[in-house]
Amino acid sequence: MAVDGSAKAFRRQGRVVVVGASLAGLRAAETLREEGFTGSLTMIGDEPHEPYDRPPLSKQVLIGKVPADGTALPRRRAIDAEWRLGVAATGLDLTEKRVRLADGQEVGFDRLLIATGTRARPWPRDAEADLDGVFVLRTADDAARLDRRLSGRPRRVLVVGAGFTGSEVASACRERGLEVTVAERGPAPLVGALGGVIGGVAAELQRGHGVDLRCCITVTALEGDPAGRLRRAHLSDGTALDVDVAVIALGAIRNTEWLAGSGLGAGPRGVGCDAGCRAFDVHGIVTDDIFVAGDVARSPHPLFAYQFLSLEHWGNAVAQAEVAAHNMISDGPDRRPHLWVPAFWSAQFGVNIKSVGVPTMGDQLVVAQGSLAERRFAAAYGFQGRVIAAVTFDHARWIDFYRERIESAAPFPPDFAGVDRRPGGIRPVPADFPDPALPSHGPTVTLSGYAPSERRITFTPAPA
């Protein structure tokens, strides 16, 4: 470190670099200033835009409620930073403490926050991905381009993948009166995130709103005309669809490639870190000056069997960024852990969906309030005899209740007064998640095991 090592001296004179100028990076920068950091602060982002909010892109921009350039994140305070926007980080030198940039320059630091997030997974064949009419949705520019194309009223839109993003895009298309087909390789929408029981409800919801939903189907090829415009999609059941627009919603890729060879425990699942947001190196040893926050991070959580969780949640990005920033400028005894309970929401087809906890850990499920048939309910997930998660459809008032059950390791199935019981009480059923070896699109929580890097570890019991 360039200063004497104490938190007090670092707050005055230290150099902090934040790679990732989006939600987590901005909130971390604001927290640094709020907590008294007066040293130099550099914000590096690969997009030319200052930080903006991503959830409205699929929830509001595509239905015309908000323009794509109207989603800037509100500022809690001035951060007095040097902004390096429109230039990506391409490498990291841990020994010299320098970040290499795509324009050939380097930026030195004393402490670094990695908040590079994720990007949309593209269509795997470049020539087809480049067809006019093939889109992904991750950035404000993506949303603006797709909004313009949908405004032209294409004959049919194909959405590839029925996770949360794909389902929200399909909902926006139907709200605009457009014909839409959704191709999902799993047995139901949202099945990778919420399981087959809830996925069945989501399937009924989509079909009830006029979506041509095709499950257990993959798109095998996208075909263009001689002018390079998308005209047809070929499906794994041998059928073909005439489509003008295809939105590829195959999930996200964590932005870690720039860290290859750096010595950090970074890979396709993210950057491993401890509960204090300090990054692990490839040997599983925690670093002192490298911190991680947001979608790119994966860290252990005591409420969830100390699994390393990779979370694509807005609230997690904020909470983890605030913890990381606090710990960057605090001495050891004053540092705190990131123990935020995962939470997520979606608006689609007129229904507000919220989840809390880690549904993908659940092996059983009970509908404790409301009913699946009415598409208005609260359902709890169980794992090893305790409540591990919950999901609500238009029943959000129960979310805080289940958050408390999760935090207190309450027993599963839940047994408490005031439940809308059906005759015979509530009985657990299998949550029906697909085989993880054949994942569906769209989980928002990934359980990534105990290894901080992509190496695998086998624990051998001690001899008797």
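Criteria and cut-off values
- Residues numbered from 1 in each chain as written.
- Predicted model: local features only at pLDDT ≥ 70, side-chain atom pairs only at ≥ 80, totals over all residues.
- Heavy atoms only, no water.
- Helix = DSSP H or I, 4+ residues; strand = E, 2+ residues; numbered from the N terminus.
- Contact = heavy atoms within 4.5 Å.
- Phe/Tyr/Trp six-rings, centres within 6.5 Å; stacked < 30°, edge-to-face > 60°.
- Buried < 20%, exposed > 50% of the residue type's maximum accessible area, 1.4 Å probe, protein only.
- Salt bridge = Lys/Arg side-chain N within 4 Å of Asp/Glu carboxyl O.
- Pairing = 2+ DSSP bridges.
- Axes fitted to C-alpha atoms, helices over the stretch in contact; angles between N-to-C directions.
- pLDDT = per-residue confidence, 0-100.

## Description of the environment of Ala252
Structurally, Ala252 is set in strand β17 (residues 252-254). Sequence separation between Ala252 and Glu312 is 60 residues; the distance between their C-alpha atoms is 9.1 Å. Beyond its immediate stretch of four places on either side in the chain, Ala252 contacts Thr118, Arg119, Arg121 and Glu312.

## A word on the packing of aromatic side chains
Taken as a whole and assessed by the stated rule, the structure comprises eight aromatic pairs. With 4.7 Å between their ring centres and 20° between their planes, Phe377 and Phe393 make a pair best called stacked. Pair noted here: Phe377 is in strand β27 (residues 376-383) and Phe393 is in strand β28 (residues 386-393), with a separation of 16 residues, a long-range link. Grouping residues by exposure puts Phe377 and Phe393 together as buried. When the centroid spacing of 5.2 Å and the interplanar angle of 85° are considered together, the rings of Phe401 and Tyr402 count as edge-to-face.

## Description of the pattern of salt bridges
Under the criterion given, the structure shown has 30 salt bridges. Between Asp132 and Arg149 there is a salt bridge whose closest N-O contact spans 2.6 Å. Of this pair, Asp132 sits in the loop between α4 (126-129) and β9 (134-136) while Arg149 sits in helix α5 (residues 140-151), and the two are 17 residues apart along the sequence. The partner of Arg229 in a salt bridge is Asp225, with the nearest N and O atoms 3.0 Å apart. For Asp225, a relative accessible area of 17% corresponds to the buried category.

## A word on the sheet that holds strand β13 (residues 219-224)
Two orientations exist for strands paired in a sheet by backbone hydrogen bonds: parallel and antiparallel. Read across the open sheet, the three strands follow the order β13-β14-β15; overall the sheet is antiparallel. Where the open sheet ends on each side, the last strands, each with one partner, are β13 and β15 (240-242). Averaged over all neighbouring strand pairs, the angle between strand axes comes to 20°, with direction disregarded. Bridging between strand β14 (residues 230-235) and β15 involves three bridges; their strand directions are antiparallel. Residue pairing across strands places Ala233 opposite Leu241, the latter belonging to β15.

## What about the confidence of the model for the protein chain?
Mean pLDDT over the protein chain stands at 91; residues scoring 70 or higher make up 91%. When the criterion is pLDDT under 50, residues 450-464 qualifies, and its contacts beyond four places in sequence or with other chains add up to 18 contacts.

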